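Listed below are the residues making up each chain.
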Amino acid sequence: MAGTASQHTDGEGVDAGVGLTALLVAAARAIETHRHDSLARDVYAEHFVRAAPACAHWPVRIQQVTDGDGNPLWGRFARYFGLRTRVLDDFLLRSVRTGARQVVLLGAGLDTRAFRLDWPSDCVVFEVDRAGVLAFKHQVLTDLSADPKVKRVPVPVDLRADWVAALTAAGFDPAAPSVWLAEGLLFYLPSRAETYLIDTVDRLTAEGSALAFEAKLEKDLLAYRDSAIYTATREQIGIDLLHLFDKGPRPDSAGDLTAKGWSTSVHTPFDFTRRHGRGPLPEPNDALEGNRWVFAHKPRP
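Quick caveat, the model's predicted, so the values are computed rather than measured.

What counts and how
Residues numbered from 1 in each chain as written. Predicted model: local features only at pLDDT ≥ 70, side-chain atom pairs only at ≥ 80, totals over all residues. Heavy atoms only, no water. Helix = DSSP H or I, 4+ residues; strand = E, 2+ residues; numbered from the N terminus. Rg over C-alpha atoms; globule rule 2.2 N^0.38 Å. Buried < 20%, exposed > 50% of the residue type's maximum accessible area, 1.4 Å probe, protein only. Contact = heavy atoms within 4.5 Å. Areas by Shrake-Rupley, 256 points an atom, 1.4 Å probe, with all protein chains shown as cover. Lys, Arg positive; Asp, Glu negative; His and termini not counted. Charge placed at Lys NZ, Arg CZ, Asp CG, Glu CD. Pairing = 2+ DSSP bridges. Axes fitted to C-alpha atoms, helices over the stretch in contact; angles between N-to-C directions. Salt bridge = Lys/Arg side-chain N within 4 Å of Asp/Glu carboxyl O.

**Student:** Quick rundown of the overall build of the chain? Include the residues and the values.
**Tutor:** The number of helices and strands found in the chain is eleven helices and seven strands. Since a compact globule built from 301 residues should have a radius of gyration of about 19 Å, the 18 Å found for the chain is in line with a globular shape. C-alpha atoms of the chain, sized along the principal axes, occupy 55 × 45 × 40 Å. Each of the 301 residues in the chain was classed as buried or not, and the buried ones make up 59%. Pairs at least 24 apart in sequence give 75% of the contacts found in the chain among residues at least 6 apart. If you sum the accessible surface of the chain, you get close to 11900 Å²; carbon and sulfur atoms cover 52% of it. With 35 positive and 39 negative side-chain charges, the chain shows a spacing of 3 Å between the two charge centroids.

**Student:** So, helix α8 (residues 228–237): which residues are in play, and what are the values?
**Tutor:** Regarding α8, the residues found buried are I229, Y230, T231, A232, T233 and I237. G238, located one to two residues past α8, shows a positive phi value of around 75 degrees.

**Student:** Please provide a residue-by-residue account of the pairing of strand β4 (residues 178–182), values included.
**Tutor:** Counting buried positions over the five residues of β4 gives five, a clear majority of the element. The alternating pattern of β4 places S178, W180 and A182 and V179 and L181 on opposite faces, both of which are buried. Two strands pair when backbone bridges link them, and strand β1 (residues 102–106) and β4 are joined in this way by four bridges, in the parallel orientation. Pairing of L105 across the sheet is with L181, part of β4. Sheet analysis places β4 next to strand β5 (residues 210–216), joined by four bridges and oriented parallel. Looking across to β5, one finds that L181 is bridged to A212.

**Student:** Can you explain unusual backbone geometry? Please cite residues and give values.
**Tutor:** If you check the backbone angles, S145 has positive phi at about 55 degrees while not being a glycine. Checked against the element boundaries, S145 lands in the loop between α5 (131–143) and β3 (151–156). Positive phi outside glycine occurs at N285, with the angle close to 50 degrees. A residue is classified by how much of its surface remains accessible, and N285, at 40% relative accessible area, is partly exposed.

**Student:** Let's hear about the sheet that holds β4: which residues, and what values?
**Tutor:** The strand order across the open sheet built from seven strands is β3-β2-β1-β4-β5-β7-β6, with neighbouring strands paired in mixed fashion. The sheet is open, and its two edges are formed by β3 and β6 (263–267), each paired on a single side. Adjacent strand axes in the sheet meet at a mean angle of 15 degrees, parallel and antiparallel pairs treated alike.

**Student:** Go over the pattern of salt bridges with me, naming the residues and quoting the values.
**Tutor:** Opposite charge on two side chains allows them to pair when their charged atoms are near. As enumerated under the stated definition, the model contains 26 salt bridges in all. We note a salt bridge from K137 to E127, for which the minimum N-O separation is 2.7 Å. Here the residue K137 occupies a position in helix α5, and E127 occupies one in strand β2 (residues 124–129), the gap between them amounting to ten residues. For the residue pair K137 and E127, the accessibility class agrees, reading buried in each case. Of the charged contacts, one joins D202 and K298 as a salt bridge, the two residues approaching to 3.4 Å between their closest N and O atoms. Highlighted residues: D202 in helix α7 (residues 191–204) and K298 in the segment after β7 (291–297), separated in sequence by 96 residues. Exposure remark for D202: the relative accessible area of 17% places this residue in the buried category. Members of the salt-bridge network, linked through shared partners, are R84, D89, D111, R113, R116, E183 and E214.

Pasting the structure below:
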């Protein structure tokens, strides 16, 4: 849910609509950071939460939650975001180790990977999101005197606008290998917009490039309206994720990439819970049941 492009977007910042979900993920990363068995560390995350009036009262440590890990939102759901952060961190770092030097974060939200991961010195990280979101992030990080560990290029543009022109004007080179991330973004987009985004990434990527994204497979999202995660998110912090998600049928973007010659692999989050020994496992009426993490590589000849 780092992404902030949606037909439901409210305003330009992080204080409502899909923008508020970026703060939810930041709170989850803060909680994960302070766990004794943390899968990912983001020392900036809690500062985003504290800087936004809408969520200044949210927990940033599991000890601040009355029922701790038994809380569906700040326990299980937050752990999901922690696991997702770690898995996608690993994917990006593997990709740059094998040749990609351009990293494109689509719907970057409050992503701080440019500040917290160890990148090769000649990498560049492009952060594509709405101007209001990037401005909020810039202010918080400036107040902390935070310095990125790599060349970082914010690209302030709505993904519903001509983001390709903005990205290339910012210095992105389609002829060089790149790695792309759409973390928690696509299920806010209408099907047609997702297909356009995937087709555009294919068109802009050289051989040796890679892409990771999160998808949902449910045919009827509303069937999970009463699941513990969605109920807790609505009741505890007032975010109705099912209102924000696009309700239309989803395209088979992994299949589309395969048809274009990419090699793709599709995993459930639970695959990585078992691999790392930490994270959510399936349960009845599970809002995470349809989530898939897709990893795609555009092979060299």
